[in-house]
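An overview of the molecular structure
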Amino acid sequence: MSTPAAPATAPVKVAVVYYSATGTISTLAKEIADAAEKAGAQVRLRRAPELAPRSAVESNPAWAQNERATADIPEVAVDDFEWADAVFLGTPTRFGNVSSQLKQVIDQLSPLWAAGKLADKVYSGFTSSATQHGGQESTLLALYNSIHHFGGLIASPGYTDPSKFVDGNPYGTSHVDAQGNNPVDETSRTAARVQAERVVRITRGVKAGLAV
Ligand SMILES: Cc1cc2nc3c(=O)[nH]c(=O)nc-3n(C[C@H](O)[C@H](O)[C@H](O)COP(=O)(O)O)c2cc1C
């Protein structure tokens, strides 16, 4: 027997799942979570567990500081994906690719994938890099590969808001941190908010449509 669909008026549930070493993605994740909440969603902000050796974390003051500053944010669980109607995935660029920490989270989703429980959800990505052409778009596209396997619906921002012609990344929010010398600025925060509002709006429509 199939599970009855949730009423179309039920709030949209958004999971913001991210990995961040030195805090750039943590800042964007919080901005997205706040904006999604303001747009009426129930939000779970969740971080990927650290996989790097302690010596690596402790050798970098910004890394150790971000770890302390985000210690109160729960680590992501598989259940967070099952719970959510929409999932944001955030990762720093790693040689133009997804960080191993976030990839490890994705790789643990096989049981949900096999049960068809990752399909029909809305997904959207965000990233950051040290340099302007350092692989932001390739990272987001790599992230989105997995979404096709899930049967997920990718809600990228495109150029759907005038601000997108300022930040210039239709694939997802992205920030150039210049090795910590360029903290997340108003342009990137605006991109995060616009993407969050769009994802909540699209998800509301998808959820209402699937409930019919
Ligand atoms: C192993 C490794 C690989 C990286 N690869 C790239 C890269 O290909 N291009 C780039 O511009 N920055 C690269 N970076 C820099 C980070 O992606 C960038 O500083 C990011 O904004 C950090 O996000 P965070 O502060 O949330 O950890 C790399 C950093 C590390 C540690």
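Our structure is the block above this text.
Before going into details, it helps to say that this report is about the structure given with it.

Conventions used here
Residues numbered from 1 in each chain as written. Predicted model: local features only at pLDDT ≥ 70, side-chain atom pairs only at ≥ 80, totals over all residues. Heavy atoms only, no water. Helix = DSSP H or I, 4+ residues; strand = E, 2+ residues; numbered from the N terminus. Rg over C-alpha atoms; globule rule 2.2 N^0.38 Å. Buried < 20%, exposed > 50% of the residue type's maximum accessible area, 1.4 Å probe, protein only. Contact = heavy atoms within 4.5 Å. Areas by Shrake-Rupley, 256 points an atom, 1.4 Å probe, with all protein chains shown as cover. Lys, Arg positive; Asp, Glu negative; His and termini not counted. Charge placed at Lys NZ, Arg CZ, Asp CG, Glu CD. Phe/Tyr/Trp six-rings, centres within 6.5 Å; stacked < 30°, edge-to-face > 60°. Polar contact = N/O pair within 3.5 Å; in protein donor to acceptor, adjacent residues only side chain to side chain. 1 Å grid on protein atoms, 1.4 Å probe; cavity = no way out; pocket = protein on both sides within 12 Å on 5 of 7 lines; lining within 4 Å. Points joined across faces, edges and corners; volume = space filled by probe spheres on them. Nonpolar A, V, L, I, M, F, W, Y, C, P; charged D, E, K, R; others polar. Core = buried A, V, L, I, M, F, W, Y, C linked by side-chain atoms within 4.5 Å.

1. Concerning the overall build of the protein chain
Check the secondary structure of the protein chain and you find nine helices and six strands. Its C-alpha atoms give the protein chain a radius of gyration of 16 Å, within 12% of the compact-globule value 17 Å for 212 residues. Along the first, second and third principal axes, the C-alpha atoms of the protein chain reach 55 × 40 × 30 Å. Within the protein chain, the proportion of its 212 residues that are buried is 47%. Of all intrachain contacts in the protein chain linking residues separated by at least 6 positions in sequence, the fraction that spans at least 24 positions is 78%. With an accessible surface of roughly 10,300 Å², the protein chain has 54% of that area assigned to carbon and sulfur atoms. For the protein chain, the distance from the average position of its 19 positive side-chain charges to the average position of its 21 negative side-chain charges is 3 Å.

2. Considerations on the packing of aromatic side chains
Describing an aromatic ring pair means giving the distance of the ring centres and the angle of the ring planes. By the definition in use, this model includes three aromatic pairs. Ring geometry for Tyr123 against Phe150: centres 5.6 Å apart, planes inclined by 55°, an arrangement best described as tilted. Of this pair, Tyr123 sits in strand E4 (residues 122–129) while Phe150 sits in helix H7 (residues 136–150), and the two are 27 residues apart along the sequence. With respect to class, Tyr123 is no different from Phe150; both count as buried. Ring geometry for Tyr159 and Phe165: centres 5.0 Å apart, planes at 35°, overall tilted.

3. Re the environment of Asp161
By the element assignment, Asp161 lies in the loop between strand E5 (153–154) and helix H8 (164–167). We classify Asp161 as partly exposed; its relative accessible area is 27%. At a separation of 2.7 Å, a polar atom in the side chain of Asp161 contacts the side chain of Ser163.

4. With respect to the layout of surface pockets
Of the volumes computed, that of the second largest pocket is approximately 370 Å³. In terms of lining, the second largest pocket is formed by 21 residues, of which the most central are Pro92, Thr93, Arg94, Ala130 and Asp177. Every element with two or more residues in the lining of the second largest pocket is listed here: helix H1 (24–38) and E4. Looking at the lining of the second largest pocket residue by residue, the classes come out as six nonpolar, 13 polar and two charged.

5. Quick notes on unusual backbone geometry
A negative phi holds for most residues other than glycine; trans holds for most peptide bonds. Of note in the backbone geometry, Asp120 takes a positive phi value of approximately 65° without being a glycine. Note on placement: Asp120 falls in the loop between helix H6 (110–114) and E4. A positive phi is found at Gln179, a non-glycine position, where the angle reads about 50°. Tracing the backbone through its elements, the reader meets Gln179 in the loop between strand E6 (173–176) and helix H9 (186–211). The exposure class of Gln179 is exposed, given its relative accessible area of 68%.

6. What to know about the nonpolar core
With 27 residues, the main nonpolar core has Val17, Phe81, Leu89 and Leu102 as its most contacted residues. Of all elements in the fold, only strand E1 (13–18), helix H4 (78–83), strand E3 (86–92), helix H5 (100–107) and H7 reach the threshold of two or more residues within this core. The greatest single-element share of this core, amounting to five residues, is contributed by H7. Setting aside chain neighbours within four positions, we find Leu102 in contact with Val17, Tyr18, Tyr19, Ala48, Leu89, Gly90, Thr91 and Leu143. Counting residues in each nonpolar core, the second largest holds 24 residues, with Ile32, Ala35, Phe88 and Val199 among its members.

By themselves these figures say nothing about function.
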